[in-house]
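Observations on chain architecture
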Amino acid sequence: MLNSKIPAGPIEKKWTDYKGHVKLVNPANKRKIEIIIVGTGLAGASAAASLGELGYNVKAFCFQDSPRRAHSIAAQGGINASKNYQNDGDSIFRLFYDTIKGGDYRSREGNVHRLAEVSGNIIDQCVAQGVPFAREYGGLLSNRSFGGTQVQRTFYAAGQTGQQLLIGAYQALERQVALGNVTMYSRHEMLDLVMIDGKARGIIVRNLVNGTLERHFGHSVLLCSGGYGNVFYLSTNAMGCNVTAAWKAHKKGAYFGNPCFTQIHPTCIPVSGEYQSKLTLMSESLRNDGRIWVPKKKNDDRKATEIPEEERDYYLERKYPAFGNLVPRDVASRAAKERCDAGYGVGTSKQAVYLDYADAIVRYGKIECHKHGIKNPNPGQIRGYGVEVVKEKYGNLFDMYQKITGENPYEVPMRIYPAVHYTMGGLWVDYELMTTIPGLYCLGEANFSDHGANRLGASALMQGLADGYFVIPYTMGNYLADEIRTPSVPTDHSAFVEAEKSVADRISQLKNINGKQTVESFHKRLGKIMWDKCGMARNAAGLQEAIKEIRELKKEFWNDLKIPGEIGDMNPELDKAGRVADFIELGELMCIDALNRNESCGGHFREESQTEDGEAKRDDANFSFVSAWEFKGEGNWELHKEELVFEIAKPSQRSYK
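Residues numbered from 1 in each chain as written. Predicted model: local features only at pLDDT ≥ 70, side-chain atom pairs only at ≥ 80, totals over all residues. Heavy atoms only, no water.

1. Quick word on the overall build of the chain
Let me state the cut-off plainly: Strands are runs of DSSP state E lasting at least 2 residues, helices are runs of H or I lasting at least 4, and numbering of each runs from the N terminus. Exposure is judged per residue with a 1.4 Å probe applied to protein chains only, and the accessible area is read against the type maximum: over 50% gives exposed, under 20% gives buried, and values in between give partly exposed. We call two residues in contact whenever any of their non-hydrogen atoms come within 4.5 Å of each other. Areas reported here follow the Shrake-Rupley algorithm with a probe of radius 1.4 Å; residue values treat only the protein chains shown as occluding. In this tally Asp and Glu are treated as negative and Lys and Arg as positive; neither His nor the chain ends contributes. The atoms used to mark charge sites are NZ of Lys, CZ of Arg, CG of Asp and CD of Glu.
Within the chain, the regular secondary structure consists of 18 helices and 19 strands. When its C-alpha atoms are laid out on the principal axes, the chain stretches across 80 × 55 × 50 Å. Put simply, the chain has 657 residues, and 60% of those count as buried. By sequence separation, contacts in the chain at least 24 residues apart represent 74% of the contacts at least 6 residues apart. Counting only carbon and sulfur atoms, one obtains 49% of the accessible surface of the chain, whose full area is about 24900 Å². If the 81 positive side-chain charges of the chain are averaged to one point and the 80 negative ones to another, these points end up 1 Å apart.

This is the structure in C-alpha cells:
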C-alpha cells in the first residue's frame, strides 16, 4: 500500500505542524553529508542553492553547458502566488481550490495546500534576488489573470518570466559554487542510479564532451530533470528535454505516477510543415487580453480583417461565459480542436484559430488617452497609445510571433493551435517528495505531484521553486538525520562497478547495431503514434493499436538503428539514441496507463467518456486514485493505486460556464 505520508490534522496546519516536528541535521553534521542533484532548472537550481546555503556538500549535474540553458528559461507568462495585491478576493484557500479543481480532482489536497501556502514566500524570495517583476505606476508588483481563475494572481516579467526567475535561482546557485558548497558538473548526463542496501547512493553519468563514464556518490539523490513532453516529438519543449534520468530511476524501482496525464497547451504557433522538429509556445498570458475566435462560416477563406464582427464566433466566450477566454488549458485546447474538426479552422492548414488583440489595443488606447487628457481622441491616437501598452506587456511575444510567421500581430490576429507542452505525470513521490526508493527525491515537473490531470497556467514555476526553496530543505533533513553515521561510500564499491558496466554495455549495444535508420526517424515515428492515438483525444481501440505499434517500433529500433561517430568522443547522436530508446519504453507505459484509466479527466480525454456537450466526464467511483506503475521487466508493469481522499474540495462536475 502506498503511503503518501500526509500529516494528520486540519489542512491549514499540516505543513506548519510537519515543520515543527520534523527531524533536523545539525550544522556540523550537514558538512559530512553529500547530496547529488540532477537537473539545474528552477527546481534543481533552487534546491542546490538552498541545500548549499544550509551547509550540505552538493554536486549538481546538467547536460547543458550552463544551468542558464535549462528549459525553465522558456516559461513566458508568469508565476502564481496568493498575495491578493489586487484586492479581488484571492486567498491561500482560493489558490488551493482553483488548483484542485483545475487538475480535475486528481491531485492530493495536502500537497496542493502546501503549495498555495508557500507561494507568497516565493515572490518575496525572488524580489529579494532582484527578479524584475512588472510593477504598477506606483511601484507595487503587478498581476494579471491566467486560465482557470477569476482573480489576478499571476506575477510576471513581460513575456520572459521563466528567464528572469532562472537567472535569480542561477545567481543563488553560483554564489554557493563560489563558496565551495556546490560543485557544478555541466555537460554531464545521468545514465543510471546506484543502489546500495535498497537506498539511492549515487549515479553513473556520461561526460558528454569526451564520452567517459563517471561514478558519483551521494547520501541522497534529487532528480529535478523536467518533463517528458518530447515523447511526442513535436512539442513546445526544448530539443534536449528527455525522460532518461527519471526513467533510469523508474527501472531501478521508483514508481511512475500518472504517465498518461499530458497537457496540451492551447496557445501555440500551428505546425507549418513536415520539416519541423519543435513547436513554439505563445504564452497563455496572451489570453488575458486577447480574444479567441473562428469564422461562423465553414471553410471561410477570407482574411481575418475582412470578416466582420457579426460573422465571428468567439466560441470560448459563447460556451463558457463565466471564464470566457480564461478557461483552463485542457478545456480551451479541446474547444479549439472541436471547432477545427468541424470545419471552422483558419489558415492554409485549417488547423488553427485566431487570437485577436484588436479590442485590447482599443481598450488600452482609450485609457491612455484619458490619462493624457485627450477628451475626443481619433482612431489613430487610440491605436497608437494602445499598441504602446500592448508592447510594454507582451512585446517580446509579439516580436517572436512576427519573426516566426512573418505576420504583424499588432495588425492581424495571431493564428494558434494546441500542442504538447507539459507533463503532469512523473515519478511518484510522497508528501516529503521522496520516491518509492529511500533516499531518492524528485522535484518539479519530473514528479507527478500537485497538478493532477491538468496544470493551471503559471503554476509550473510556482511548483518548481516551492519544491526547491521551501519544501526539500525541510523534508530531506527528516531522512538525512538518520544517515549522519553513514560514511561516504567509495566509488569502487561493487554497486558502482556493476552500474557502470551496465551503462557501458548498453551504450555499446546501441552503437553496434549498425543499421540504416537515424535516431531522428525513429523519434518522429514514435511522436506520430503518440499524437495520433494518445494525444488530445484517446480511445480504447487507438490505444491498443498504439501499444502494438510501439512494441514493433522498439524491435525495429534495436535492429536497424544507425549511429555515426565513436563512443569515446563527443557524440550527440549517441546521446540522443539513449534518450529515444527511453522515450519508446515510456510511450508504451503512457498508452497502457491511458487505456487503463477508462474515464476522462483534465488532459486525459477518453472519447468513450464525455458528457452530451463534449466535456470530460470523470468516474470518481472507480478512478479517484493516482496510478503508480512499478517496473517488472521489459514491457511489463504492475499497477499500484494511491486512493485520493477529498476532505475539503469535494469533487463535482467541473464547470467554467
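2. Details of the packing of aromatic side chains
Rules: Classification of ring pairs uses Phe, Tyr and Trp, with its six-membered ring standing for Trp, and accepts pairs whose centres are within 6.5 Å; under 30 degrees between planes counts as stacked, over 60 as edge-to-face, and the remaining range as tilted.
Taken as a whole and assessed by the stated rule, the structure comprises 26 aromatic pairs. Note on tryptophan 247 and tryptophan 637: the rings are 6.3 Å apart at their centroids and 55° apart in plane angle, and the pair reads as tilted. Here the residue tryptophan 247 occupies a position in helix α7 (residues 244–251), and tryptophan 637 occupies one in strand β19 (residues 636–643), the gap between them amounting to 390 residues. For tryptophan 247, a relative accessible area of 0% puts it in the buried group. The class of tryptophan 637 is buried, set by a relative accessible area of 11%. Centre to centre, the rings of tyrosine 357 and tyrosine 394 are 5.5 Å apart; their planes meet at 70°, and the pair counts as edge-to-face. Taken together, the residues span a long stretch of sequence, with tyrosine 357 in the loop between β14 (353–356) and α11 (358–371) and tyrosine 394 in helix α12 (residues 379–405) at a distance of 37 residues. Overall, the relative accessible area of 2% leaves tyrosine 357 in the buried class.

3. Digging into the environment of glycine 78
For glycine 78, the location among the structural elements is in the loop between β2 (57–62) and β3 (79–80). By relative accessible area, glycine 78 is classed as buried at 5%. Sequence separation of glycine 78 and glutamine 610 is 532 residues, and the distance between their C-alpha atoms is 32 Å.

4. Considering α12
Condition: An expected span of 1.5 Å times one less than the residue number is assigned to each helix. In the analysis that follows, any N or O atom pair within 3.5 Å is treated as a polar contact, provided that within protein one partner can donate a hydrogen and the other can accept it, and provided that, for residues neighboring in sequence, both atoms belong to side chains.
With 27 residues, α12 extends only 27 Å from end C-alpha to end C-alpha; this falls clearly short of the ideal 39 Å at 1.5 Å per step. Within α12 the residues assigned to the buried category are Ile382, Gly386, Val387, Val389, Val390, Lys393, Tyr394, Gly395, Leu397, Phe398 and Tyr401. Buried-residue contacts for α12 involve α8 (286–289), α11 and β15 (414–423). Backbone nitrogen of glycine 380 and a side-chain oxygen of the N-cap are separated by 3.0 Å at the start of α12; the cap is asparagine 378.

5. So, the nonpolar core
Put simply, the rule is: Only buried residues count toward a nonpolar core. Its members are Ala, Val, Leu, Ile, Met, Phe, Trp, Tyr and Cys residues joined through side-chain atoms within 4.5 Å.
With 145 residues, the main nonpolar core has Ile79, Leu222 and Leu223 as its most contacted residues. Counting residues per element, this core draws most heavily on helix α17 (residues 572–596), which supplies twelve residues. Within the second largest apolar cluster, 34 residues are counted, among which are Leu316, Ile361, Leu397 and Ile416.

So, to be careful, I would describe these as geometric facts and stop short of saying anything about function.
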